[in-house]
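Each chain, letter by letter, is given below.
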Amino acid sequence: MSDDTPSSRTPKDAHYAKLRRAHRERTRGPLPADSRKKPAPRPGKPGPADRVRLYGIHTVEAALGNRERVLHRLYATRNALNRLEIDEANPPCPLEIVEPRFLDSELGSDAVHQGVMLEADPLRAKRLSDLGTSDLILVLDQVTDPHNVGALLRSAVAFGAGAVVTTSRHSPQESGVLAKSASGALEFIPYVQITNLADALNEIAELGFQTIGLDSEGEGELEPALSGTRIALVLGSEGKGLRQKTRETVSVLTRLEMPGAIRSLNVSNAAAVALYAARRFMGSAQRG
């Protein structure tokens, strides 16, 4: 009878044992589909009905610096508090030091909170009368994805737009997801929600704006159509684009010329390109 204890095995025995294990793993077949699925995201807990929960370093930092924000309570890890450069002894609002798992539980597993959450009142509703002397604005026709709207807000702030105007229905309300996607931009630009887009476009035109619709079926390219000293760029939803009534209401319907193999852009990317073109036009007009 042979001695098969681990101490009696030779390197050759170990080598063949390794080969047998590899063969068993290869012939076992793929794992069942259920075992390959990622765990379902854990939802967060609902916060107070009259408040928004903002999270992420840039989002919270911008909100803390916005005098229009009514702040209620800040939850932060010590690391996040250091990144925000907040004095624990003199916080801008009531402060609670927490562990990351607390924020995971409150906000859900999908929220990239970076160790900080702020409970605050929603911003005061803005109106078209708040446009002031703005010379460039974005108008959205039922863009529903809060991530896209957040990216649009960022682009609008980056290119010096004075407002983002959207419908109150079929558009995201202020939320943690929208604010996080905007990475602080929500605090720097009016997010105007109106009831009827066609009426709003007529009112915007009466304020001296050239209303330019962007659509793949536009009559001509965007750049040659730009004119005047005030421009409103109008973009449609991710799937359907501009609605027919919107197409009929804008001053001119244009398109972004795409010379490459891909003929369309995500709405937030298209907006960034259009804002850049409009801002360059307005800059050259002022220099001329």
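These numbers come from a predicted model, not from an experiment.

A. Quick peek at the sheet that holds strand S4 (residues 116-120). Sheet architecture is open: four strands sit in the order S1-S4-S2-S3, paired in mixed fashion. Two strands bound the open sheet, and with one partner strand each, they are strand S1 (52-55) and strand S3 (95-97). Within the sheet, the average angular offset between the axes of one strand and its neighbour, ignoring direction, is 20°. Bridge count for S1 against S4 is four bridges, and the pairing is antiparallel. Pairing of Arg53 across the sheet is with Glu119, part of S4.

B. Up close: the nonpolar core. By size, the foremost hydrophobic cluster in this structure holds 53 residues, and its most contacted members are Leu118, Leu138, Leu153, Leu222, Leu233 and Leu235. Ranked by the residues each element gives to this core, the list is headed by helix H11 (residues 267-287), at eight residues. Here this core spans two domains, and each of domain 1 (52-121) and domain 2 (128-286) adds at least three residues to it. Apart from the residues within four sequence positions on either side, Leu153 is in contact with Val164, Leu178, Ala182, Ala185, Leu186, Ile189 and Tyr191. Ranked by size, the runner-up nonpolar core spans 18 residues in total, among them Ile137, Val139, Ile194 and Ile204.

C. Layout of the packing of aromatic side chains. For the structure on display, the rule yields two aromatic pairs. Relative to Tyr276, the ring of Phe159 has its centre 6.3 Å away and its plane inclined at 70°; by these criteria the two rings are edge-to-face. Of this pair, Phe159 sits in the loop between helix H6 (146-158) and strand S6 (164-167) while Tyr276 sits in helix H11, and the two are 117 residues apart along the sequence.

D. Seen up close, helix H3 (residues 57-64). With six of eight residues buried, H3 is to be regarded as a mostly interior element. Those residues of H3 that sit buried are Ile57, Thr59, Val60, Ala62, Ala63 and Leu64. Residues of H3 that are buried in the fold lie against S1, strand S2 (71-76), helix H4 (78-83), S4 and helix H7 (176-182).

E. Quick look at the sheet that holds S6. Spatial strand order, S7-S6-S5-S10-S8-S11-S9: seven strands in an open sheet with parallel pairing. Each edge of the open sheet is held by one strand with a lone partner, namely strand S7 (191-194) and strand S9 (220-221). With four bridges connecting them, S6 and S7 associate as parallel partners. In the sheet register, Val165 faces S7, and the bridge partner there is Val192. Strand contacts of H6: strand S5 (136-141), S6 and S7, with the helix running at about 170° to S5, the strand carrying the most contacts. Running at roughly 165° to S5, helix H8 (residues 197-206) makes contact with S5, S6, S7, strand S8 (210-214) and strand S10 (231-236) of the sheet.

F. Just unusual backbone geometry, in detail. Of note in the backbone geometry, Gln142 takes a positive phi value of approximately 60° without being a glycine. In this fold, Gln142 is placed in the loop between S5 and H6. Phi at His170 takes a positive value of approximately 60°, unusual for a residue other than glycine. Mapping His170 onto the fold places it in the loop between S6 and H7.

Criteria and cut-off values
Residues numbered from 1 in each chain as written. Predicted model: local features only at pLDDT ≥ 70, side-chain atom pairs only at ≥ 80, totals over all residues. Heavy atoms only, no water. Pairing = 2+ DSSP bridges. Helix = DSSP H or I, 4+ residues; strand = E, 2+ residues; numbered from the N terminus. Axes fitted to C-alpha atoms, helices over the stretch in contact; angles between N-to-C directions. Core = buried A, V, L, I, M, F, W, Y, C linked by side-chain atoms within 4.5 Å. Buried < 20%, exposed > 50% of the residue type's maximum accessible area, 1.4 Å probe, protein only. Domains from an automatic or database assignment. Contact = heavy atoms within 4.5 Å. Phe/Tyr/Trp six-rings, centres within 6.5 Å; stacked < 30°, edge-to-face > 60°.

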